[in-house]
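# Structural characterization, general
Each chain, letter by letter, is given below.
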Amino acid sequence: YESTLAAASISLSGDGRRAAIWNAVVQAAAAAGGEVPQAATRELLAEVSNLVEAPTVVVGGFDPRFLQLPKEVLVMVMRKHQRYFPVYEAGSGGERLLPRFITVANGPVDPAQVAVGNEAVLRARFEDATFFYKEDLKTKLEDLRPKLSGTLFQKDLGSLLDKSVRVEKLVVPLAELTGLGARGAGVVGVAQRAAALAKADLASSTVMEMTALAGTMGRHYAQKEGLEPAVCEAIFEANLPRQAGDLLPASPAGILAAAAERLDSLVGLWAAGCAPTAAADPYGLRRAAVGMLQALLSNNVSLSLRAAVKATAALQPIPVSDAQQAGVVDYIRGRLEQLLTDAGTPAEIVRAVVAERGDDPARAASTAADLKAEWEAGEGSRLRKLMAALSRPTRIVRGKEVDPSWKVDAALFELEEEKALAAAVTKVTSSLSPATASVADLLAACEPLSAPIDAYFEKVFVMCDDEAVRRNRLAFLRDLAALTKGFADLSQLPGF
């Protein structure tokens, strides 16, 4: 039957059909004096190849006067609404459009007649887009912003304007928590201005017709108004990422605005009873959490999740309980675990790090990378030696009733091995600060502990008859087992 289908110009294989369409599109674009960048057509190519069984490529054109519209508007109309392949000027890197397009018809057609019909449809859509765009240019973004009051965000959290005001205010504490405010003069002001205007384009006619252009048109209109370039870019970046694989904010102001926007959604909606479940996430909170994490990780920006959530909760129009704040933090940490695991870090290493450093996603990511490198060094590595050394005190205190209030009393040390190990541990703890030390610092500082730990367990009987001495030894081993607290929970690693 395959030969019969082929004789009728029907391509049965999905991969073969995609390849045939792509080759025909590339050739048609070249014949028209342009090119179609492959990166710009990935989703469109997959969609078109599933709409036709006998593809026929047709080239059409449009009035060059429409090139005065923003490129993004033209591309959106062609690709999203009409499923056309826009044609770009050869060698422009996908920056300059030609007044040409390529469509894929199904079956044998008259290319000239099909082109005329498609050109008429596209002309009408471009005329509409031109009207909307010109109307939008008559109103500044700051004058569009009040119109957001007519769009409800959530019944307990108010309108999009209310949300915009909260996000603008949240930028200030986030700038302090992240340290981004110190990265340049005026960063906080730029971020606040961008946060205030980031959603304003949602009230524009163009974005109401093409919602996927939110942020893109905001930046364009800001540029048209002559706003500061940093503000224009941060308005765009506040909306990033929009989907998986999208661009990420890179400027300090853009990172602040993007993080504030997503934190407001997470904390507010959580408090309003709209937390995601395993079966439903109607407000896209998973996407919000992942987007915020990606912005922080890609720019190595440190941020305490607990502190950020607390600052966000203080701005909400409804109470946010401690339990709800903890729920938001745990949810974001869960998404962090998934991101790091998907990036290729073993799940055990991710859990070990997030357990201790998950409050600061960027720090957790760098720690996970360092711990992974040490883990992959093999059995003779410093990490494996430290695990072997600390596994013994951990197993002894695990399951035993060791009161957290018990303090170690050096006067109750009876043997030299106890004193030697205590001195070695004190030296390690005094030289390390979990707030600043790296995995390499930890392993280097702990390397001398193996010998005194071995000597300790050869000579010291922990569960002795003297209750005071026994408690003292258990308290000491409890503290020894917790030596890596603030770095990683080594008990999560295989073989501990």
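For the structure, check the block above.
## Re empty space enclosed by the protein
- If you walk through the whole model with that rule in mind, you get three cavities of 30 Å³ or more.
- If you add up the space inside the largest cavity, you get close to 60 Å³.
- Residue lining of the largest cavity: S164, V167, A195, A198, K199, A238, N239, A257 and E261, and that is the complete set.
- Contributions of two or more residues to the lining of the largest cavity are made by α7 (160-178) and α12 (252-271).
- Its residues placed into classes, the lining of the largest cavity shows five nonpolar, two polar and two charged.
- One number sums up the size of the second largest cavity: a volume of about 40 Å³.
- Forming the walls of the second largest cavity are T367, L371, L383, V439, L442, L443, F487 and A488.

## Quick notes on the sheet that holds strand β3 (residues 85-89)
- Pairing within the open sheet is antiparallel, and its four strands lie in the order β1-β3-β4-β2. With partners counted over all chains shown, the strands left at the sheet margins are β1 (34-35) and β2 (55-61), one partner each.
- Of the strand pairs in this sheet, β1 and β3 are connected by two bridges, and their pairing is antiparallel. Bridge pairing links G34 to E89 in β3.
- Lying on the sheet, helix α2 (residues 14-31) is in contact with β1, β2, β3 and β4 (97-106); it crosses β2 at an angle near 30°.

## Re the nonpolar core
- Judged by nonpolar contacts, the single largest core of 133 residues is most densely connected at M78 and L174.
- In terms of residues, this core owes the most to one element, α12, which gives twelve residues.
- In this view, L174 contacts L256, A259, A260, L263, L303 and A308; residues no more than four positions away in its chain are not counted.

## Some thoughts on helix α15 (residues 322-342)
- Over its 21 residues, α15 extends 30 Å from the first C-alpha to the last, a length consistent with the 30 Å expected when each residue adds 1.5 Å.
- Within the span of α15, buried status applies to Q325, G327, V328, V329, Y331, I332, R333, R335, L336, L339 and L340.
- Contact partners of the buried residues in α15: α12, α13 (285-298), α14 (305-313), α16 (347-357) and α17 (361-375).
- Two residues or fewer past α15, G344 is found with a positive phi of approximately 110°.

About the cut-offs
- Residues numbered from 1 in each chain as written.
- Predicted model: local features only at pLDDT ≥ 70, side-chain atom pairs only at ≥ 80, totals over all residues.
- Heavy atoms only, no water.
- 1 Å grid on protein atoms, 1.4 Å probe; cavity = no way out; pocket = protein on both sides within 12 Å on 5 of 7 lines; lining within 4 Å.
- Points joined across faces, edges and corners; volume = space filled by probe spheres on them.
- Helix = DSSP H or I, 4+ residues; strand = E, 2+ residues; numbered from the N terminus.
- Nonpolar A, V, L, I, M, F, W, Y, C, P; charged D, E, K, R; others polar.
- Pairing = 2+ DSSP bridges.
- Contact = heavy atoms within 4.5 Å.
- Axes fitted to C-alpha atoms, helices over the stretch in contact; angles between N-to-C directions.
- Core = buried A, V, L, I, M, F, W, Y, C linked by side-chain atoms within 4.5 Å.
- Buried < 20%, exposed > 50% of the residue type's maximum accessible area, 1.4 Å probe, protein only.
- Expected span 1.5 Å × (residues − 1).

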